[in-house]
Amino acid sequence: MKILVTGGAGYIGSTTAKALEQAGHTPVILDSLLIGPRVFVKDRIFYEGDIADRDLVERIVTEHPDIECTIHMAARIVVPESVEQPYEYYRDNVAKSLELFDQLVRLGKPRVLFSSSASLYATVDDFEVDEHAPLDPGSPYARTKRVMEMALTDMASATSLRAIILRYFNPIGSDPDLESGIYAREPSHVLGQLVMAAQGQKDAFTITGVEHPTRDGTGIRDYIHVWDLAQAHVAAVQRFDEVLNMEDAPSAIINVGTGSGVTVRELVQSFEKVFGKPVPIKEAPPRPGDAIGAFANVDKARDVLGWTSSLTIDDAIASALAWGKKRKDVLGYP
Ligand SMILES: NC(=O)c1ccc[n+]([C@@H]2O[C@H](COP(=O)([O-])OP(=O)(O)OC[C@H]3O[C@@H](n4cnc5c(N)ncnc54)[C@H](O)[C@@H]3O)[C@@H](O)[C@H]2O)c1
């Protein structure tokens, strides 16, 4: 199958493009390179441009009439930036996505797989959330994702559009061949910070929030290896129509995680085991807006996608550490 992948120069998009290729499919990348690096596109079919450029989307479909599905990953994704720049986030993640979806429907390309996020979920007592759990998107970024989930559901009810919405939990790790991974100069997420502390690029790793109502007081997440996440997309595009038939609806929402919650202290322990040395640790109060967290109930992913994660947190940590050493060769900066 030929699959249009918007945001295919990004962290998850480039890994998913590789997983699609390995399963015998052909990704067609549409990315503005707003954030993603050109080097992650490799020699794939590539259109540099904006998702809201209707003429460009028409040209892509004319040149690749055999595109069977679109994986829409292009977005702005930095939570604190979304608090400071809500206009840019709503414009790019909401308004531009609507232009893309409407154009795809007009061009007769109705199948859309959408990247949503676990950051939509409210905190629940045991931290395990299924797709019906209460929502409380806590930032402009998360709200743009929720708005798009609602827009896709409404468009699917009223038009030929068909949507599978994947709520990703916390992707970590890198491409298995170390051709892509986290590329921010100073990664803000927890594992990137741990790698920097381990490599001496920071004095210490700071645990923000140690008095949460979790088993050890630190935040809880469901860390999923990005390669497993990529495989979930392969399963979803291959079973697209079947998934919606099982759902008996024109759209579906599916959690994509491992099904296990890991606290920050547990992550640090796993990291030190894989790294082989202790990492200097500091403790600090939670940052404003820090969520206690959640982990996925993954029954639906197993039942309808026929997919479960297969890599361990140790695999993901080893992969992130290996990428940390290699990435200067790929990106040109440490
Ligand atoms: N990384 C995570 O932890 C995480 C968690 C949950 C959901 N997601 C979602 O997964 C998707 C991919 O995330 P990622 O981590 O790979 O992010 P990323 O920033 O690495 O990739 C996003 C890509 O989209 C491109 N892009 C942005 N706006 C564009 C536009 N208007 N037109 C064309 N291209 C545009 C960027 O250049 C970039 O290459 C996003 O939709 C994100 O919201 C990510």
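Residues numbered from 1 in each chain as written. Predicted model: local features only at pLDDT ≥ 70, side-chain atom pairs only at ≥ 80, totals over all residues. Heavy atoms only, no water.

A. Structural context of the overall build of the protein. The number of helices and strands found in the protein is eleven helices and 15 strands. Computed over its C-alpha atoms, the radius of gyration of the protein comes to 19 Å, within 12% of the 20 Å expected for a compact globule of 334 residues. Principal-axis analysis of the C-alpha atoms gives the protein an extent of 55 × 45 × 40 Å. Taken across its 334 residues, the protein has 54% of its residues classed as buried. (Helix = DSSP H or I, 4+ residues; strand = E, 2+ residues; numbered from the N terminus. Rg over C-alpha atoms; globule rule 2.2 N^0.38 Å. Buried < 20%, exposed > 50% of the residue type's maximum accessible area, 1.4 Å probe, protein only.)

B. Representation of the pairing of strand β2 (residues 26-31) within the structure. Summarising burial for β2: five of the six residues are buried, a large majority. For strand β1 (residues 2-6) and β2, the ladder comprises five bridges, and the chain directions are parallel. Each residue of the ladder has a partner; that of Ile3, found in β2, is Pro27. Traced from β1 through helix α1 (residues 11-22) to β2, the parallel crossover comes out right-handed. (Pairing = 2+ DSSP bridges. Right-handed = clockwise from strand over helix to strand, strands pointing away.)

C. Highlighting helix α6 (residues 190-198). Most of α6 sits out of view: eight of its nine residues are buried. Taken together, the buried residues of α6 touch β8 (170-172), β9 (205-208), α9 (264-275) and α11 (313-331). In the stretch just after α6, Gly200 is the one whose phi turns positive, near 80°. (Contact = heavy atoms within 4.5 Å.)

D. Main features of the site of the ligand. Taken together, 28 residues sit near the ligand, with Ile12, Asp31, Met73, Tyr141 and Tyr183 positioned nearest. Leu34 places a main-chain nitrogen or oxygen 3.2 Å from an oxygen atom of the ligand. Take Gly36: an N or O atom from its main chain is 3.1 Å from an oxygen atom of the ligand. For the ligand, whose free accessible area comes to 830 Å², the fraction covered by protein is 93%. Contributions of two or more residues to the shell around the ligand are made by α1, β5 (111-117) and α5 (140-158). With three residues, the single largest contributor to the shell around the ligand is β5. Among the residues forming the shell around the ligand, the class breakdown is 16 nonpolar, eight polar and four charged. (Near = heavy atom within 4 Å. Polar contact = N/O pair within 3.5 Å; in protein donor to acceptor, adjacent residues only side chain to side chain. Areas by Shrake-Rupley, 256 points an atom, 1.4 Å probe, with all protein chains shown as cover. Nonpolar A, V, L, I, M, F, W, Y, C, P; charged D, E, K, R; others polar.)

E. Geometry of the side chain of His72. Looking at where His72 falls in the secondary structure, it is placed in strand β4 (residues 67-72). A relative accessible area of 1% places His72 in the buried class. Here Thr6 takes part through its side chain, which lies 2.7 Å from a polar atom of the side chain of His72. Only 2.8 Å separates the side chain of His72 from the side chain of Ser97, close enough to count as a polar contact. Residue contacts for His72: discarding those within four places in its chain leaves Thr6, Ile51, Ser97, Leu100, Phe101, Val112, Leu113, Phe114 and Ser115.

F. Structural detail: the pattern of salt bridges. Applying the stated criterion to the full structure yields 25 salt bridges. With a shortest N-O distance of 2.9 Å, Asp241 and Arg111 are connected by a salt bridge. Of the two residues, Asp241 is situated in helix α8 (residues 240-247) and Arg111 in strand β5; the sequence distance between them amounts to 130 residues. By relative accessible area, which is 42% here, Asp241 ends up partly exposed. (Salt bridge = Lys/Arg side-chain N within 4 Å of Asp/Glu carboxyl O.)

G. Local environment of the sheet that holds strand β12 (residues 251-256). The parallel open sheet is built from seven strands, whose spatial order is β3-β2-β1-β4-β5-β7-β12. Strands at the two margins of the open sheet, each flanked by one partner only, are β3 (45-48) and β12. Across this sheet, the average inter-strand angle for adjacent strands is 20°, counted without regard to direction. This element, α1, spans β1, β2, β4 and β7 (162-168) of the sheet and lies at about 160° to β2. Packing of helix α2 (residues 54-63) onto the sheet brings it into contact with β1, β2, β3 and β4, and relative to β3 it is tilted by some 165°. (Axes fitted to C-alpha atoms, helices over the stretch in contact; angles between N-to-C directions.)

H. Representation of a negative patch on the surface. Together, Asp125, Asp126, Glu128 and Asp130 make up a negatively charged patch on the protein surface. Of note, Glu128 is situated in strand β6 (residues 128-129). (Patch = residues over 30% accessible without salt bridge, like charges linked within 9 Å, V, L, I, M, F, W, Y side chains within 5 Å. Lys, Arg positive; Asp, Glu negative; His and termini not counted. Charge placed at Lys NZ, Arg CZ, Asp CG, Glu CD.)

I. Focus on the packing of helix α4 (residues 86-106) against α5. Here α4 crosses α5 at 20°, and the two axes come no closer than 9 Å. Relative to α5, the element α4 lies roughly parallel. Helix-helix and strand crossings are classified by hand; for α4 and α5 the assignment is right-handed. Taken together, the residues of α5 that come into contact with α4 (itself represented by Tyr89, Tyr90, Asn93, Val94, Ser97, Leu98, Phe101 and Asp102) are Pro140, Tyr141, Arg143, Thr144, Val147, Met148, Ala151, Leu152 and Met155. Here the residues of the contact of α4 with α5 sort into twelve nonpolar, three polar and two charged. (Parallel < 35°, antiparallel > 145°, perpendicular 65-115°, else oblique. Left-handed = near helix turned anticlockwise from the far one by under 90°.)

J. Structural detail: the packing of α1 against helix α7 (residues 226-238). In the contact formed by α1 and α7, the axes pass within 8 Å of each other and the chain directions differ by 55°. In this view, α1 runs oblique relative to α7, as classed from their interaxial angle. For the element pair α1 and α7, the recorded crossing hand is right-handed. The segment α1 lies against α7, with Tyr11, Ile12, Thr15, Thr16, Lys18, Ala19, Leu20 and Gln22 engaging Val226, Trp227, Leu229, Ala230, Gln231, His233, Val234 and Val237. Tallied by class, the residues present in the contact of α1 with α7 amount to ten nonpolar, five polar and one charged.

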